[in-house]
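The chain contents come next:
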Amino acid sequence: MLHYQAIIESVKQGHRISTEDALALSSCSDIKSLTRVAAFLRDIRHPRIVSYSPKVFIPLTRLCRDVCHYCSFAQVPHRGQRVYLTAEEVLEISQAGVKAGCHEVLFTLGDKPELRYECARKELEALGHSSTISYLAEMAKLVLEETGLLQHINAGVMGGDDLLMLREVSVSQGLMLETSSEHLTKKGGVHYGSPDKKPAARLRMIAAAGRAKVPFTTGILIGIGETRRERVESLLALRNLHEVGQHIQEIIIQNFRRKPNTIMSNASEPTLDDLLWTIAVARIVFGPDMNIQAPPNLMPDGLRQMFSAGINDWGGISPVTLDHVNPEAPWPKVARLSVVAESAGRVLASRLPLYPQYVHNLAQWVDPALRCKVLHEVDSQGYARTDDWHPGEAGMIPPLRLATPAIVPFGKVRSILKKAVAGHRLSENEIVCLFSARGSEYEIVCRSADELRADVNGDKVSYVVNRNINYTNICYFGCRFCAFSKGRVREHLREPGYNLSLNEIQRRTTEARTRGATEVCLQGGIHPDYTGETYLAITRAIKEAQPGIHIHAFSPLEVFHGAQTLGISIKDYLTELKIAGLATLPGTAAEILDDEIRAVICPDKINTAQWLEVIRAAHEVCLPTTATIMFGHVDAPIHWARHLLRIRDLQEDTGGFTEFIPLPYVYMQAPLSKKGMVRPGPTFRETVLMYAIARIFFHTQISNIQASWVKLGREGVRACLEAGANDLGGTLMNESISRAAGASFGQELIPEQMKEFIKSCGKTLIQRSTLYHEIAPALERIA
């Protein structure tokens, strides 16, 4: 026992368990100690989410050349019955999956039936195929094209060429090793007479999958005559393959279930303790990073114990089809799995057949033709999108149910919220933790933000009457997210390039003033003919036409460009702009203040340090600015955290930010999206969380969080007003940047429309200046 404890302690300290020590665990019966260390290891890399995949199960053929003694899936042919599902049958099952919200099609089939049955060969020939794998590839392609569902394929033992052919139509493949025990293939063993169950053949294929860069599922089947030592040997064999290929995305620990009309119909099934022992040892052998799964329908009374033994995934759960391999075992309700997760301080999240760590490295692991589809289906963490909402589109708004005070967030979130509410600076990891909030945690984060908003702003919702003047859409920069610019890339343009004259800018300013505007907001492309004098001339022209109007103009990019073309310092140039009449700067061009992301979305734009330099200089010459973030493309919560930290650090130094404005990425016409390189904007959960976390994180530093009605629409704004936002921004009069990207919520929201909308929210609408001073007439309570 002392030896086992030494092994366990070594593992807990982060040491990879050796082959010798792993084999020694086969004699350890201390399940409590094993499961405790397994859960500890699991929580290092999978601390908060338990995943599952909503799927449909398509048994393309039930014929198989193997005769496993426990299997009821494989059948023998019957006269008059088809061997393979037809294309129509495959599509019918897949389309039912789409309607039920599934993300995965699982193709499972018998191994090479054409090598045993003449009827299979004849039917394949009639279908125009020489092999089952070839027909499978056609069906997988059909499902992908007709339904968009992603494929996971379990097609039995095959060679490298077949793996590569299926890689073109699937994002993952699988083959259970089951066991590395050769004696089970001998006479009297469960795999006797099953050539495809020879361990060497299966291990060769799993190794080939690694060379082919196929994300792979495998695992062991327990209770079929193997010893515990042989289970450990099987796990070690898989670990060896994974350490070479890095391709095994999950290890399944599956317990044998006896079935009628099979040779093993009277065999003993593994006990729950036996399953828990194996799960724990698998976690210990593979360590923190691996996804360990146990099918919940095969031991339904042990779900909590299975989780405690070290799993982090429940596998595929189908709302449409039964488990054709274990038809006697119905799928558990997803609601039940969610309760199990929450009882353990976790949240349940759906995933694709591709795990998040492989989603984040698509270039290596997924065929180019499938990458766009994967990106369209995932959120920023690599899990499945749970709504069809996209910024700029009038889609279904998922309900935001603010948690009742009785709902207490899990320990880590609770401590983070307490720290933030006290005004303390959160760490990068703490911010990332908040962005991963789901379920009741998500609701409690939103409630906390709403309470802070009420404390700081009351029930007042502010807006400014302004006009956007985008003086040119010609730009020599190549920002890959921008559909507004008409620069070097001219494909798919919605409008021709233009360059407004000073007279036209003055006319638009005067028109805005006559309509009650107190502000003009000016931004545009970086025209190749523009210099710093251009921006000075624009500012002077506006002040000449309307001396009393507030000029909110020129992003840090335009300021940087202007100073550079005049050969003067940024601070000196900002001083000249201020003398000319500039009053505040929009903190746009920030996108994501992380150069890793900027290298992808705006590689020739100013970098993070340069953006911060311009903003700091503006604050030093007493030009307040806003701060923005444009999120939901190639970024992730860690990049959002870094962005927020940099904004807060600067605010603590200068106090010059008037508001923070989250700008969810509008994807429809953006070049990056047209090339299939990015996600289609943030999910609704992520969008609302950005507003909520901004309120929480900037508490005591930035009092105003602005919701962009252009990108969110009215119902999206309503949700954000319940999660920390207190400002609607401007009426805009001619918003064109979001519209160019595909947003459909209009170019102007007049005060009367705002009043009507805010009335329905039960809040008080106030008109403000750019600097958040209330503007007469006196407040009107919208009852």
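Quick caveat, the model's predicted, so the values are computed rather than measured. (Residues numbered from 1 in each chain as written. Predicted model: local features only at pLDDT ≥ 70, side-chain atom pairs only at ≥ 80, totals over all residues. Heavy atoms only, no water.)

Asker: Any chance you could break down the overall build of the protein chain for me, citing the residues and the numbers?
Answerer: Counting secondary structure elements, the protein chain contains 30 helices and 18 strands. Here the C-alpha atoms of the protein chain give a radius of gyration of 30 Å, agreeing with the 28 Å that 2.2 N^0.38 yields for 783 residues. In terms of overall dimensions, the protein chain has C-alpha extents of about 100 × 60 × 55 Å along its principal axes. Across the 783 residues of the protein chain, 61% fall into the buried class. Pairs at least 24 apart in sequence give 77% of the contacts found in the protein chain among residues at least 6 apart. (Helix = DSSP H or I, 4+ residues; strand = E, 2+ residues; numbered from the N terminus. Rg over C-alpha atoms; globule rule 2.2 N^0.38 Å. Buried < 20%, exposed > 50% of the residue type's maximum accessible area, 1.4 Å probe, protein only. Contact = heavy atoms within 4.5 Å.)

Asker: An account of the nonpolar core is requested, with residue identities and associated values reported.
Answerer: In terms of nonpolar packing, the biggest core is built from 113 residues, with V445, L522 and L574 touching the most fellow members. Broken down by element, the residue count for this core peaks at ten residues, all from helix α27 (residues 684-697). Excluding residues within four positions of it along the chain, V445 makes contact with V413, L417, L434, A437, L689, A692, I693 and I696. Within the second largest apolar cluster, 92 residues are counted, among which are V83, M139, V214 and V340. (Core = buried A, V, L, I, M, F, W, Y, C linked by side-chain atoms within 4.5 Å.)

Asker: Describe the pairing of strand β12 (residues 519-523), naming the residues involved and giving the relevant values.
Answerer: Most of β12 is tucked away: five of the five residues are buried. Burial along β12 is two-sided: the face carrying E519, C521 and Q523 and the face carrying V520 and L522 are both buried. Summarising the sheet, β12 and strand β13 (residues 550-553) pair through four bridges and their orientation is parallel. Paired with L522 across the bridge in β13 is A553. One crossover worth recording links β12 to the parallel β13 by way of helix α20 (residues 532-545), and it is right-handed. (Pairing = 2+ DSSP bridges. Right-handed = clockwise from strand over helix to strand, strands pointing away.)

Asker: Provide a residue-level description of the packing of helix α16 (residues 411-421) against helix α17 (residues 428-435), including the pertinent values.
Answerer: When two helices pack together, their arrangement is captured by the angle between the axes and the distance separating the axes. Two numbers describe how α16 lies on α17: the axes approach to 10 Å, and their chain directions differ by 120°. For α16 against α17, the interelement crossing comes out left-handed. Contacts from K412, V413, I416, L417 and K419 of α16 reach α17 at E430, C433 and L434. Each residue belonging to the contact of α16 with α17 can be placed in one class, and the counts come to five nonpolar, no polar and three charged. (Axes fitted to C-alpha atoms, helices over the stretch in contact; angles between N-to-C directions. Left-handed = near helix turned anticlockwise from the far one by under 90°. Nonpolar A, V, L, I, M, F, W, Y, C, P; charged D, E, K, R; others polar.)

Asker: For the sheet that holds strand β17 (residues 727-730), give the residues involved together with the corresponding values.
Answerer: Ordered in space as β17-β10-β18, the three strands form an open sheet in which the pairing is parallel. At either end of the open sheet lies a strand with only one pairing partner, and these are β17 and β18 (764-767). Each neighbouring strand pair of the sheet contributes to a mean axis angle of 20°, computed without reference to strand direction. Two elements, strand β10 (residues 460-464) and β18, share four bridges in a ladder whose sense is parallel.

Asker: Can you tell me about the sheet that holds strand β14 (residues 582-584), naming the residues and giving the values?
Answerer: Spatial strand order, β11-β12-β13-β14: four strands in an open sheet with parallel pairing. What marks the edges here is a single partner per strand, and that holds for β11 (466-470) and β14. Strand-to-strand, the axes of this sheet are offset by a mean angle of 40°, without reference to chain direction.

Asker: Describe in detail the pattern of salt bridges, supporting the description with residues and values.
Answerer: On inspection of all chains with the given rule, the structure shows 46 salt bridges. With a closest N to O distance of 2.7 Å, R16 and E243 form a salt bridge. Here the residue R16 occupies a position in the loop between α1 (2-12) and α2 (19-24), and E243 occupies one in helix α9 (residues 228-245), the gap between them amounting to 227 residues. According to the relative accessible area criterion, E243 is partly exposed, its value standing at 39%. Here D635 and R679 are joined by a salt bridge, their closest N and O atoms 3.1 Å apart. One end of the pair, D635, is in the loop between β15 (625-631) and α25 (637-654); the other, R679, is in the loop between α26 (671-674) and α27, with 44 residues separating them in the sequence. Exposure remark for D635: the relative accessible area of 1% places this residue in the buried category. Here the salt bridges do not stand alone but share partners, grouping E428, D594, E596, R642 and R646 into one network. (Salt bridge = Lys/Arg side-chain N within 4 Å of Asp/Glu carboxyl O.)

Asker: Which residues make up the side chain of H561, and what values do they have?
Answerer: Counting through the fold element by element, H561 comes out in helix α21 (residues 556-566). For H561, a relative accessible area of 6% corresponds to the buried category.

Asker: Can you break down the pairing of strand β6 (residues 248-255) residue by residue, with the values?
Answerer: Successive side chains on a regular strand alternate, one facing one side of the sheet and the next facing the other. The element β6 is extensively covered by neighbouring structure, given that eight of its eight residues are classed as buried. With seven bridges joining them, strand β5 (residues 216-222) and β6 adopt parallel strand pairing. Within β6, the position partnered with L221 by the bridge is Q254. In this view, the connection linking β5 to its parallel neighbour β6 by way of α9 has right-handed handedness. Viewed along the sheet, the connection from β6 through helix α10 (residues 272-286) into strand β7 (residues 292-293) turns out right-handed.

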